Amino acid sequence: MQRLTSHVGSVICGRKCYDDSIPYWDENGPTGPLKLPLFVVTYRPLLASHSTGIYHAAGTIPDAVKQAKSAARGKDVSLMGGADVFRQALAGGLVDEIELHIVPVLFGAGTRLFDMLPNQIKLEPTSMLDTPLAQHLAYRIVK
């Protein structure tokens, strides 16, 4: 997962992430002034209707990745929120890098991100950044 920076061209999220987050987004969507296209994995109509045209529904993870890659125009596609969406993309071989942001809070509940991996996945560290609020770790998936 990647931070939303200039090398990201579009974003994918799951329906629950979208539903939970839409009240907090302005007309620019989740990416703020970057106004990146957001592809929501869902079969239901999206809750919000925005004139900006940045919100798109995709029925499956492969559909979302295909549409997001096209919209990204050569830039990266970022998966934002939704452990289930991430696990499906990982199992489908659709993830090239993983970026984790570890904060000093233990929730004790929620969906486990790395439950039920299809097999062992080897990672190669690409960057680490330690800040007072979080530790940011990035890995490339060894294929």
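Note that the structure is predicted; figures quoted are calculated from it, not measured.

(A) Representation of helix 3 (residues 83–91). Of all the positions in helix 3, only Ala 83, Val 85, Phe 86, Arg 87, Ala 89 and Leu 90 are classed as buried. Buried-residue contacts for helix 3 involve strand 1 (8–14), strand 2 (38–41), helix 2 (61–72), strand 4 (76–79), strand 5 (97–102) and strand 7 (135–141).

(B) Representation of the side chain of Thr 42 in the model. Relative to the assigned elements, Thr 42 resides in the loop between strand 2 and strand 3 (55–58). One polar contact links Thr 42 to Arg 15, side chain to side chain, over a distance of 3.0 Å. Apart from residues no more than four positions distant in its own chain, Thr 42 is found in contact with Arg 15, Ala 57, Ala 58 and Gly 59.

(C) Structural view of helix 2. Relative to the 16 Å expected for 12 residues at 1.5 Å per residue, helix 2 spans 16 Å between its end C-alpha atoms, a close match to the ideal helical length. Regarding helix 2, the residues found buried are Ile 61, Ala 64, Val 65, Ala 68 and Ala 72. What you see down the axis of helix 2 is that its buried residues fit within an arc of 95°, all on one side. Of the exposed residues in helix 2, those oriented more than 90 degrees away from the buried face are Pro 62, Lys 66 and Ser 70.

(D) Highlighting the environment of His 136. Tracing the sequence through the fold places His 136 in strand 7. Its relative accessible area of 18% is what places His 136 among the buried residues. Not counting chain neighbours up to four residues away, the residues in contact with His 136 comprise Leu 100, His 101, Ser 127, Met 128, Leu 129 and Thr 131. A polar contact of 2.7 Å, which involves the side chain of His 136, links it to the side chain of His 101.

(E) Quick look at the sheet that holds strand 4. Pairing is parallel in the open sheet, where four strands are placed in the order 3-2-1-4. The open sheet has two edge strands, strand 3 and strand 4, and neither has a second partner. When the angles between neighbouring strand axes are averaged without regard to direction, this sheet yields 25°. Packed onto the sheet, helix 2 meets strand 1, strand 2, strand 3 and strand 4 and runs at close to 160° relative to strand 1.

(F) Quick peek at the sheet that holds strand 6 (residues 123–130). Pairing within the open sheet is antiparallel, and its three strands lie in the order 5-7-6. In the strand order of this sheet, the two ends are held by strand 5 and strand 6, each with one partner. Recorded for the sheet is a direction-independent mean angle of 15° between the axes of neighbouring strands. Where strand 6 lies against strand 7, seven bridges are found, and the strand directions are antiparallel. What sits directly across from Ser 127, in strand 7, is Ala 138.

(G) A look at the pattern of salt bridges. With the rule as written, the count across this model stands at six salt bridges. With a shortest N-O distance of 2.9 Å, Asp 96 and Lys 143 are connected by a salt bridge. Of this pair, Asp 96 sits in the loop between helix 3 and strand 5 while Lys 143 sits in the segment after strand 7, and the two are 47 residues apart along the sequence. Classification of Asp 96 by relative accessible area gives partly exposed; the value is 48%.

Cut-off values and rules
Residues numbered from 1 in each chain as written. Predicted model: local features only at pLDDT ≥ 70, side-chain atom pairs only at ≥ 80, totals over all residues. Heavy atoms only, no water. Buried < 20%, exposed > 50% of the residue type's maximum accessible area, 1.4 Å probe, protein only. Helix = DSSP H or I, 4+ residues; strand = E, 2+ residues; numbered from the N terminus. Contact = heavy atoms within 4.5 Å. Polar contact = N/O pair within 3.5 Å; in protein donor to acceptor, adjacent residues only side chain to side chain. Expected span 1.5 Å × (residues − 1). Arc of directions from axis to C-beta. Pairing = 2+ DSSP bridges. Axes fitted to C-alpha atoms, helices over the stretch in contact; angles between N-to-C directions. Salt bridge = Lys/Arg side-chain N within 4 Å of Asp/Glu carboxyl O.

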